[in-house]
Amino acid sequence: MRRLSRKKALSLVKELDAFPKVSESYVETSATGGTVSLIAFSTMTLLAILEFFVYRDTWMKYEYEVDKDFSSKLRINIDITVAMRCQHVGADILDLAETMITSSGLQYESVIFDLTPQQRLWQRTLLLVQNRLREEHALQEVLYKTLLKGAPTSLPPREDGSMEPLNACRIHGHVYVNKVAGNLHITVGKPIHHPQGHAHIAAFVSHETYNFSHRIDHLSFGEEIPGIINPLDGTEKITFNNNQMFQYFITVVPTRLNTYKISADTHQFSVTERERVINHAAGSHGVSGIFVKYDTSSLMVTVSEQHMPLWQFLVRLCGIVGGIFSTTGMLHRLVGFCFDVICCRLKLGSKGMNNLNHHQTPLLADHAPQE
């Protein structure tokens, strides 16, 4: 009884077979079929390799939400060189709440404004990358992925022992400010606290020494991340007018970066530049100096690195193999059908010509003796 039940079960399973086998004695092979099979297998292999590279690659996913963190402080990282002596310039920040933050977190270092050939090469390379970033926004994703492999984004130190006079002041460091709109001033004179707000002591500085030619080696907001290039890094402005005003209008966007190499809370920003000459007689009022006006966005961007799951890769791979196999089979049958139709017509045409010649030959033989 058990053997009979097993035989019935096996016969039932055989009836459900969706892949019936054909005996090899009934299978006919051809050169065209072999050629199509070779092309199909080659295409499958090539697409499978390309799909594997796609599986290994990652992409950046951008998500937007309202920034609910208004109580934390905003860090500003500054590295700006001004073509004036350190005793003649001062830097401070005044925010929208009239809170004045002096340069206690910044350092003043007397340096040479002109760059060495090595530093100039570094700056040109940085500006070239900046131009590519403006043209190809997808390049920023590459920087996110290769975060820790990138070259350092700070100006390399001066190696030569130059005896040139120290004619410039490098203002560098970081400060923490309220998360509201503010204004970074770099102008003549040291900042002082004033009951009415904001003031710089500029009475003892000669007007002929005013020179706000400057170079922004680094300016960023939030946590410093190596390898990230900010929009103003490498910017250099040269002026020959003592009454020049430079303005940078910045919109800061909080950014949460989550990659397979690093997870950090930083900030991106966009900038608009403006410069003009202060001429009170012509109606162009203001103060000579460098002014960075920033404002924070209410939206936060979350940038996360995504990877294709294994199951999706296997499904896509099966789709490639099955699709090419089915498509090449249909094409092979279609080409074979068209070939058979053309051959049949040629055979019928040749038979018709042979029959016509067979009927015409005796007629010619009958007319021959009459001549």
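Basis of the calculations
- Residues numbered from 1 in each chain as written.
- Predicted model: local features only at pLDDT ≥ 70, side-chain atom pairs only at ≥ 80, totals over all residues.
- Heavy atoms only, no water.
- Helix = DSSP H or I, 4+ residues; strand = E, 2+ residues; numbered from the N terminus.
- Buried < 20%, exposed > 50% of the residue type's maximum accessible area, 1.4 Å probe, protein only.
- Contact = heavy atoms within 4.5 Å.
- Areas by Shrake-Rupley, 256 points an atom, 1.4 Å probe, with all protein chains shown as cover.
- Core = buried A, V, L, I, M, F, W, Y, C linked by side-chain atoms within 4.5 Å.
- Disulfide = S-S within 2.5 Å.
- UniProt positions renumbered as here; feature names shortened; annotations may be inferred.
- Phe/Tyr/Trp six-rings, centres within 6.5 Å; stacked < 30°, edge-to-face > 60°.
- Pairing = 2+ DSSP bridges.
- Polar contact = N/O pair within 3.5 Å; in protein donor to acceptor, adjacent residues only side chain to side chain.
- Salt bridge = Lys/Arg side-chain N within 4 Å of Asp/Glu carboxyl O.
- Lys, Arg positive; Asp, Glu negative; His and termini not counted.
- Expected span 1.5 Å × (residues − 1).
- Arc of directions from axis to C-beta.
- pLDDT = per-residue confidence, 0-100.
- Patch = residues over 30% accessible without salt bridge, like charges linked within 9 Å, V, L, I, M, F, W, Y side chains within 5 Å.

**Some thoughts on the overall build of the protein**
Working step 1: Of regular secondary structure, the protein possesses 5 helices and 15 strands.
Working step 2: Going through the 371 residues of the protein one by one, you find that 35% of them count as buried.
Working step 3: For the protein, the share of sequence-separated contacts (at least 6 apart) that also reach a separation of at least 24 residues comes to 82%.
Working step 4: Of the accessible surface of the protein, which amounts to about 24100 Å², a share of 61% is contributed by carbon and sulfur atoms.

**Regarding the nonpolar core**
Working step 1: Residues Ile-76, Leu-219, Phe-221, Ile-250 and Tyr-294 are the most contacted members of the largest nonpolar core, which totals 33 residues.
Working step 2: Those elements that place two or more of their residues in this core are β2 (73-82), β3 (89-95), β6 (168-178), β7 (182-188), β10 (214-222), β12 (244-258) and β14 (289-296).
Working step 3: Not counting the four nearest positions on each side in its chain, Ile-76 is found in contact with Ile-93, Gly-173, His-174, Val-175, Val-177, Leu-219, Ser-220, Phe-221 and Tyr-294.
Working step 4: Listed in part, the 8 residues of the second largest apolar core include Ile-225, Leu-257, Ile-262 and Val-301.

**Here we look at the state of the cysteines**
Working step 1: For the structure on display, the rule yields 1 disulfide.
Working step 2: There is a disulfide in this structure between Cys-86 and Cys-169, and the S-S distance comes to 2.3 Å. For the disulfide bridge between Cys-86 and Cys-169, the dihedral angle about the S-S bond is near 105 degrees, and by the sign convention the bridge is right-handed. Taken together, the residues span a long stretch of sequence, with Cys-86 in the loop between β2 and β3 and Cys-169 in strand β6 at a distance of 83 residues. Cys-169 carries the same exposure label as Cys-86, and that label is buried.

**Re the UniProt feature "transmembrane region" (unreviewed entry) in the protein**
Working step 1: As annotated by UniProt and renumbered to match this structure, "transmembrane region" (unreviewed entry) occupies residues 35-55.
Working step 2: Secondary structure content for residues 35-55 is 100% helix and 0% strand, while the C-alpha to C-alpha distance between its ends is 30 Å.

**Overview of the packing of aromatic side chains**
Working step 1: Per the stated rule, a full pass over the model turns up 7 aromatic pairs.
Working step 2: Here the aromatic rings of Phe-52 and Tyr-55 are separated by 6.5 Å at their centres, their planes lie at 35 degrees, and the arrangement is tilted. Taken as a pair, Phe-52 and Tyr-55 lie in helix α2 (residues 31-56) at a separation of 3 residues, close to a single helical turn.

**Some thoughts on the pairing of β10**
Working step 1: Judged by how many residues are buried, β10 sits mostly within the fold: 9 of 9 residues are covered.
Working step 2: Across 7 bridges, β2 lies against β10 in antiparallel orientation. Paired with Asp-79 across the bridge in β10 is His-218.
Working step 3: With 3 bridges connecting them, β10 and strand β11 (residues 235-237) associate as antiparallel partners.

**Some details on the environment of Lys-237**
Working step 1: Positionally, Lys-237 belongs in strand β11.
Working step 2: Setting aside residues no more than four positions away along its own chain, Lys-237 makes contact with Ser-213, His-214, Phe-246, Tyr-248, Glu-273 and Glu-275.
Working step 3: Within the structure, the side chain of Lys-237 is placed 2.9 Å from the side chain of Glu-273, a separation counted as a polar contact.

**Considering the pattern of salt bridges**
Working step 1: Inspection of every chain in the model, using the stated rule, returns 12 salt bridges.
Working step 2: The residue Asp-67 makes a salt bridge to Lys-179 at a minimum N-O spacing of 3.1 Å. Taken together, the residues Asp-67 in the loop between β1 (58-66) and β2 and Lys-179 in the loop between β6 and β7 connect sequence positions 112 residues apart.
Working step 3: For Lys-179, a relative accessible area of 12% gives the class buried.

**Quick look at the side chain of Asp-95**
Working step 1: Relative to the elements of secondary structure, Asp-95 occurs in strand β3.
Working step 2: The charged side chain of Asp-95 is buried without a salt bridge, its nearest counter-charge being Lys-73 at 6.8 Å.
Working step 3: In contact with Asp-95, not counting residues within four places along its chain, are Asn-178, Val-180, Ala-181 and Gly-182.

**Considerations on helix α3 (residues 117-135)**
Working step 1: Across its 19 residues, α3 extends 27 Å between first and last C-alpha, which sits within 8% of the 27 Å expected from 1.5 Å per residue.
Working step 2: All buried positions along α3 are accounted for by Gln-119, Trp-122, Gln-123, Leu-126, Gln-130 and Leu-133. Down the axis of α3, the sector holding all buried residues measures 95 degrees, keeping them to one side. Opposite its buried face, α3 presents the exposed residues Pro-117, Leu-121, Arg-124, Leu-128 and Glu-135, each directed more than 90 degrees away.

**Some remarks on the confidence of the model for the protein**
Working step 1: Per-residue confidence for the protein averages 79 on the pLDDT scale, and 77% of its residues sit at or above 70.
Working step 2: For the protein, helix α4 (residues 139-145) is the element with the lowest average pLDDT, namely 63, and β14 is the one with the highest, namely 92.
Working step 3: A low-confidence stretch, residues 363-371 (pLDDT under 50), is modelled with 0 contacts involving residues beyond four sequence positions or located in other chains.

**Overview of a nonpolar patch on the surface**
Working step 1: A grouping of Leu-46, Leu-47, Ile-49, Leu-50, Phe-52 and Phe-53 is seen on the molecular surface, where their side chains present a nonpolar patch of about 560 Å² in accessible area.
Working step 2: With respect to the helices and strands, Leu-50 occurs in helix α2.

**Description of the environment of Val-36**
Working step 1: Tracing the sequence through the fold places Val-36 in helix α2.
Working step 2: Spatially, the C-alpha atom of Val-36 lies 8.9 Å from that of Leu-331, the residues being 295 residues apart in sequence.

**So, the environment of Met-245**
Working step 1: Counting through the fold element by element, Met-245 comes out in strand β12.
Working step 2: Apart from residues no more than four positions distant in its own chain, Met-245 is found in contact with Arg-274, Glu-275, Arg-276, Ile-278, Gly-286, Val-287, Gly-289 and Phe-291.

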